[in-house]
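Architecture at a glance
Given next are the chains, with one letter for each unit.
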Amino acid sequence: MFRKKKITDDRYTLKLLVMRFSAMGDVAMTVPIVKALAISRPDVLIYVASRPFAKAFYEGLAPNIVFLPIDLKASRYKGIAGLEHLYRDLANLSPDVVADLHDVLRTKYVSMRFMLAGIPVSTIKKYRKERKLLTKGKINNITSVFARYADVFENIGFILPSLFDYANTEPTLNMKGYEPQCDSSLLKIVKNNSAIGI
């Protein structure tokens, strides 16, 4: 069980739980979106639940971001009972709203439990069918993962600013709404579709 106490602070009007348990690259791509939200909405306390390695990405990112290192290899989170343990540990934080940036069996269960408890949940659209079509060269592009992350937050009422306006990064670049162009002919050289990470 992660050791993180529930925070009670009058500065915060809303508590948001963000979930993304995945590989390093996938988690890293959540950082600019969550940072933009945190800095534009200092009244929102953001809990980010992810694997322990991601602590380095979020530590010191913004004062209203609290990182929750969850070791999914621990016996507490194994099996069906482990799913319930995960939900209960996260529910103990009393979030007002949940953002599921992963949409896998584990987060689907946790999201379902939150919804049954009356907590609003927004889930990322994975575009699984579109990704298969892209790797087969049948379409040329799909919505960027940055835009998909941003959509999750906007679906629960958060209007995100330009990503890098709040990231102290030059030049200023707004990725929201950006549709990456991909030459489908380049994908034909890849025989194993699983080799492409989208």
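Residues numbered from 1 in each chain as written. Predicted model: local features only at pLDDT ≥ 70, side-chain atom pairs only at ≥ 80, totals over all residues. Heavy atoms only, no water.

**Focus: the pairing of strand S4 (residues 97-100)**
Counted only if it meets this: Throughout, exposure labels follow a simple rule: accessible area from a 1.4 Å probe, protein chains only, divided by the maximum for the residue type, with under 20% read as buried, over 50% as exposed, and the rest as partly exposed. Elements are defined by DSSP. Helices are runs of H or I of four residues or more, strands are runs of E of two residues or more, and each kind is numbered from the N terminus. Any two strands are treated as partners once DSSP identifies two or more bridges connecting them.
With burial as the criterion, each face of S4 is covered, one bearing Val97 and Ala99 and the other bearing Val98 and Asp100. Inspection of the sheet shows strand S1 (residues 14-19) paired to S4 by four bridges, in the parallel sense. When the bridges of S4 are listed, Met19 appears paired with Asp100. Across three bridges, the pairing between S4 and strand S5 (residues 121-123) is parallel. Among the inter-strand pairings, Ala99 is bridged to a residue of S5, identified as Ser122.

**Comments concerning the packing of helix H4 (residues 79-91) against helix H5 (residues 105-116)**
For clarity, the threshold we go by: Axis definition: a line fit to C-alpha positions, over the contact stretch in the case of helices; interaxial angles, taken between N-to-C directions, run 0 to 180 degrees. We call two directions roughly parallel when the angle between them is under 35 degrees, roughly antiparallel when it is over 145, roughly perpendicular when it lies between 65 and 115, and oblique otherwise. Handedness of a helix crossing follows the sense of rotation of the near helix relative to the far helix, less than a right angle counterclockwise being left-handed and clockwise being right-handed. Whether two residues touch is decided by their heavy atoms; if any such pair falls within 4.5 Å, the residues are in contact. Residues are sorted three ways: Asp, Glu, Lys and Arg are charged, Ala, Val, Leu, Ile, Met, Phe, Trp, Tyr, Cys and Pro are nonpolar, and all the rest, Gly among them, are polar.
As a packed pair, H4 and H5 sit with axes 9 Å apart at the nearest point and diverge in direction by 55 degrees. In this view, H4 runs oblique relative to H5, as classed from their interaxial angle. Between H4 and H5 the crossing geometry is right-handed. Along its contact with H4, which presents Leu83, Glu84, Leu86, Tyr87, Arg88, Leu90 and Ala91, the element H5 presents Arg106, Tyr109, Val110, Arg113 and Phe114. Grouping the constituent residues of the contact of H4 with H5 by class yields eight nonpolar, no polar and four charged.

**Looking at the side chain of Ser111**
Within the secondary structure, Ser111 is located in helix H5. Overall, the relative accessible area of 3% leaves Ser111 in the buried class. Ignoring sequence-local partners within four residues, the contact set of Ser111 consists of Met19, Asp100 and Val121.

**A word on the nonpolar core**
This is how it is decided: We call a set of buried Ala, Val, Leu, Ile, Met, Phe, Trp, Tyr and Cys residues a nonpolar core when their side-chain atoms join them within 4.5 Å.
Counting 28 residues, the largest nonpolar core has Leu16, Val18, Ile46, Val48, Tyr58, Ile65 and Phe153 as its most contacted members. Mapped onto this core, the elements with two or more residues apiece are S1, helix H2 (31-40), strand S2 (44-50), strand S3 (65-69), S4 and helix H7 (145-154). With residues near it in sequence (within four places) discarded, Leu16 still touches Leu37, Val44, Leu45, Ile46, Tyr47, Val97, Val98, Ala99, Phe153, Ile156 and Phe158. One finds Phe21, Ile70, Leu72 and Phe114 within the second-largest nonpolar core, a separate group that totals 21 residues.

**Points about the packing of aromatic side chains**
Heads up, the rule is: Paired rings are identified among Phe, Tyr and Trp, the last through its six-membered ring, by centres lying within 6.5 Å, and are further divided according to the angle between planes into stacked (under 30 degrees), edge-to-face (over 60) and tilted (the rest).
Going through the model one piece at a time under the given rule, you end up with two aromatic pairs. Geometrically, the ring pair formed by Tyr58 and Phe67 is stacked, given 6.1 Å between the ring centres and 15 degrees between the ring planes. Across the pair, exposure class does not vary: Tyr58 and Phe67 are buried alike. Ring geometry for Tyr87 versus Phe114: centroids 5.0 Å apart, planes at 75 degrees, classification edge-to-face.

**A few points about the confidence of the model for the protein**
The test is simple: The predictor reports its confidence for every residue as pLDDT, a score running from 0 up to 100.
Summarising the model, the protein shows a mean pLDDT of 79, and 69% of its residues fall at 70 or more. Segment residues 164-198: pLDDT under 50, and 48 contacts once partners within four positions in sequence are set aside and those in other chains are kept.

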